[in-house]
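Fold and contact review
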Amino acid sequence: MTDSSHDKPLDLLVTGGTIVSGHGRQEAALGIRDGKVACVGAPESMPATEEVLDVTGKLVLPGVIDPHVHCRAFSNHIDSLADVARSAAHGGVTTMVVFATGEENETMLTTLGRIREEGEAGSVVDFSLHAWIFEDFEYLAEIPKAIDSGVTTFKVMMGYKKRGRGRCIPDEYFYAALDIAGRHGGTVLVHAENGPVIDYLENKAFDAGMDGADFQEYSRPPELEAENVARSIHLADLAGCPLYIVHLTSALALDEARRGLAAGKDIVVETCPQYLTLTGDAIREMGAPAKVAPPLREEADIAALWKGIQEGWISLIGSDHAPYTVAQKNDPPFTESPFGAPGIETLLPVLYSEGVAQGRITAEQLVQLTSENPARTLGFYPQKGALGVGSDADLVVIDPTGRSTVTAAGQHTNSDYSLFEGWELTGRLELSLLRGKPLLRDGELVQEPGYGQFVRRAASGSPETGSP
């Protein structure tokens, strides 16, 4: 398969490796010209090239798209957008979608413009944005303009009643966001928990002297996630808006999502590596640094999530990178400690090791979960998320026999801990390219801040992934 300028010399030929897509793999060479994939096929059929990259014995995958990333944007996260991008690049992420949280009295378009400028100045990877939804109908009225600007996704929080503006949206604003976004080709993302009931249970838990994992498990049970997943699906269906359920954690919530998908509802489901690998025991061992929301669940939930991935009900995986320092997490009482943990740099390594190397998923499924499906759902495909002719030449090279050890000291976020500290992982990231240029080589970042570009996304009637 080639482009119309097949005889023009290539800038780079990647040869000797196994190219993995969501639908299969092939022993083939991949030619790159002007930042795009120009041809894929037998090495002897390739045009002349200025440079050859031999990756014999390695896997060549599309660059990872992390659809769920937080940075310091009117928040106390320790990483700026540029910091997160640096960490992302060291983990094989070539495109990330960042939540744009606005300041008080700032319009949606002002927020998006400000954070876009920050990213264009400092990001080393390509990026896009999700807009945050607040309780303000004038704010919601800017959704069509945001979509015109290339931002087509809008985040609704349902789980944090005590945490201030925009952290627990009443149903009328949620429905308004669904209605407006749905009519203009947008998608609404939902953090699905029942915030008012959580608030009530947190007060009871606090009065009973609960702390740590006991406080988390009592106040944020899976029933409240499942209830909000079901309610969100019904509201989105009524409004005619595609729904993206972020960081699903429990078997009960998955049951509700599966029911909606089986009925043909326009929804997609995301989970995260921490929910596929860790239980509430991590909070008992680490304390507040492992405090995330929804909380880490039980082994039975982990098994249900892997099965949901294998059967196709869960179609995307994001990091939910929310970086803090140990001091930020531990200095307040546990009940007041911020939610979230770093994770963008370990997204691909943990998924490859715990998924592919352990036989839970294939390398093809890994590509679907971390590249193709995020690109289709968020409006990047086929520019991103694939290694077809004409796509951006974003790729990662993995040595399937390589080994690595996760350490906070070895990562590149400003967060000084990892939920996976000391984990021995199978599979080692050796190289990444972004738009045909080396991004990461032998563990060293090659490009400078500002190399990353903002990627506009097209409005669409619905995400392309969903039920199996």
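Read on for a plain summary of the structure. (Residues numbered from 1 in each chain as written. Predicted model: local features only at pLDDT ≥ 70, side-chain atom pairs only at ≥ 80, totals over all residues. Heavy atoms only, no water.)

1. Notes on the overall build of the protein
- Along its length, the protein carries 15 helices and 19 strands.
- Relative to a compact globule of 468 residues, whose C-alpha radius of gyration would be 23 Å, the protein shows 21 Å and is just as compact.
- Considering only C-alpha atoms, the protein reaches an extent of 70 × 45 × 40 Å along its principal axes.
- Looking at the protein as a whole, 61% of its 468 residues qualify as buried.
- Here the analysis covers contacts within the protein between residues at least 6 apart in sequence; of these, 75% occur between residues at least 24 apart.
- Here the protein has roughly 16700 Å² of accessible surface; of this, 49% comes from carbon and sulfur atoms. (Helix = DSSP H or I, 4+ residues; strand = E, 2+ residues; numbered from the N terminus. Rg over C-alpha atoms; globule rule 2.2 N^0.38 Å. Buried < 20%, exposed > 50% of the residue type's maximum accessible area, 1.4 Å probe, protein only. Contact = heavy atoms within 4.5 Å. Areas by Shrake-Rupley, 256 points an atom, 1.4 Å probe, with all protein chains shown as cover.)

2. Considerations on the sheet that holds strand 12 (residues 187–191)
- Judged by pairing direction, the sheet is parallel, and its eight strands sit side by side in the order 8-9-10-11-12-13-14-15 without closing on themselves. The sheet is open, and its two edges are formed by strand 8 (64–69) and strand 15 (316–317), each paired on a single side.
- In this sheet, strand 14 (residues 267–271) lies alongside strand 13 (residues 243–245) in parallel orientation, the contact comprising three bridges. In the sheet register, Leu243 faces strand 14, and the bridge partner there is Ile267.
- Sheet contacts for helix 1 (residues 81–89): strand 8 and strand 9 (93–100); angle to strand 9, the most-contacted strand, approximately 150°.
- In the packing of helix 9 (residues 251–262) onto the sheet, the strands contacted are strand 13 and strand 14, and the crossing angle to strand 14 comes to about 150°. (Pairing = 2+ DSSP bridges. Axes fitted to C-alpha atoms, helices over the stretch in contact; angles between N-to-C directions.)

3. Some remarks on the nonpolar core
- Within the largest apolar cluster, 123 residues are counted, with the highest numbers of intra-cluster contacts made by Met96, Ile143 and Phe174.
- The element best represented in this core is helix 5 (residues 171–183), accounting for seven residues.
- Here Ile143 is in contact with Met108, Ile133, Phe154, Ala177, Ile180 and Ala181, once residues within four sequence places are set aside. (Core = buried A, V, L, I, M, F, W, Y, C linked by side-chain atoms within 4.5 Å.)

4. Quick word on the environment of Val406
- Its location among the elements puts Val406 in the loop between strand 16 (395–405) and strand 17 (424–434).
- A relative accessible area of 6% places Val406 in the buried class.
- For the pair formed by Val406 and Val125, sequence separation is 281 residues and the distance between their alpha carbons is 22 Å.
- Setting aside residues no more than four positions away along its own chain, Val406 makes contact with Thr346, Gln411, Ser418, Phe420, Glu421, Gly422, Trp423 and Leu425.

5. Considering the environment of Val397
- Assignment of secondary structure puts Val397 in strand 16.
- On a C-alpha basis, the gap between Val397 and Lys58 in space is 6.4 Å, while along the polypeptide they are 339 residues apart.
- In this structure Val397 touches Val55, Lys58, Leu59, Val60, Arg428, Leu429, Glu430 and Leu431, once residues within four positions along its chain are discounted.

6. Some words on the environment of His191
- You can see His191 is positioned in strand 12.
- Residue His191 is classed as buried on the basis of its relative accessible area, which comes to 2%.
- C-alpha of His191 to C-alpha of Val246: the two residues are 55 residues apart in sequence and 5.8 Å apart in space.
- A polar side-chain atom of His191 sits 3.2 Å from a polar atom in the side chain of His247. (Polar contact = N/O pair within 3.5 Å; in protein donor to acceptor, adjacent residues only side chain to side chain.)

7. Comments concerning unusual backbone geometry
- In the segment running from Ala293 into Pro294, the intervening peptide bond is cis, with an omega of -5°.
- By secondary structure assignment, the location of Pro294 is in the loop between helix 11 (281–286) and helix 12 (299–310).
- Here the bond from Tyr381 into Pro382 is cis, since omega is 0°, no more than 30 degrees from zero.
- Tracing the backbone shows Pro382 in the loop between helix 15 (363–378) and strand 16.

8. Some thoughts on the side chain of Glu345
- Here Glu345 is to be found in the loop between helix 13 (326–330) and helix 14 (347–356).
- Buried and without a salt bridge, Glu345 has Arg86 as its closest oppositely charged side chain, separated by 7.1 Å.
- Polar side-chain contacts of Glu345 include one of 2.7 Å to the side chain of Ser87.
- Ignoring sequence-local partners within four residues, the contact set of Glu345 consists of Ser87, His90, Gly91, Gly410, Gln411, His412 and Thr413. (Lys, Arg positive; Asp, Glu negative; His and termini not counted. Salt bridge = Lys/Arg side-chain N within 4 Å of Asp/Glu carboxyl O.)

9. Brief notes about helix 9
- Here helix 9 is 12 residues long and its end C-alpha atoms lie 16 Å apart, about the 16 Å a rise of 1.5 Å per residue gives.
- After helix 9 finishes, the residue Gly264 shows a positive phi value of roughly 85°. (Expected span 1.5 Å × (residues − 1).)

10. As for the state of the cysteines
- Taken as a whole and assessed by the stated rule, the structure comprises zero disulfides.
- A disulfide-free cysteine, Cys71 has its sulfur positioned 17 Å from the sulfur of Cys272, the nearest such atom.
- Its relative accessible area of 0% is what places Cys272 among the buried residues. (Disulfide = S-S within 2.5 Å.)

11. Here we look at the pairing of strand 9
- Burial analysis of strand 9 places eight of its eight residues in the buried class, which makes it a mostly covered element.
- Bridging between strand 8 and strand 9 involves four bridges; their strand directions are parallel. Considered in strand 9, the bridge of Asp66 is made with Met96.
- Strand direction decides the pairing type here: strand 9 and strand 10 (residues 126–132), joined by six bridges, are parallel. Each residue of the ladder has a partner; that of Val97, found in strand 10, is Ser128.
- In this region the chain leaves strand 9, passes through helix 2 (residues 108–122) and returns to the parallel neighbour strand 10; the handedness of that crossover is right-handed. (Right-handed = clockwise from strand over helix to strand, strands pointing away.)

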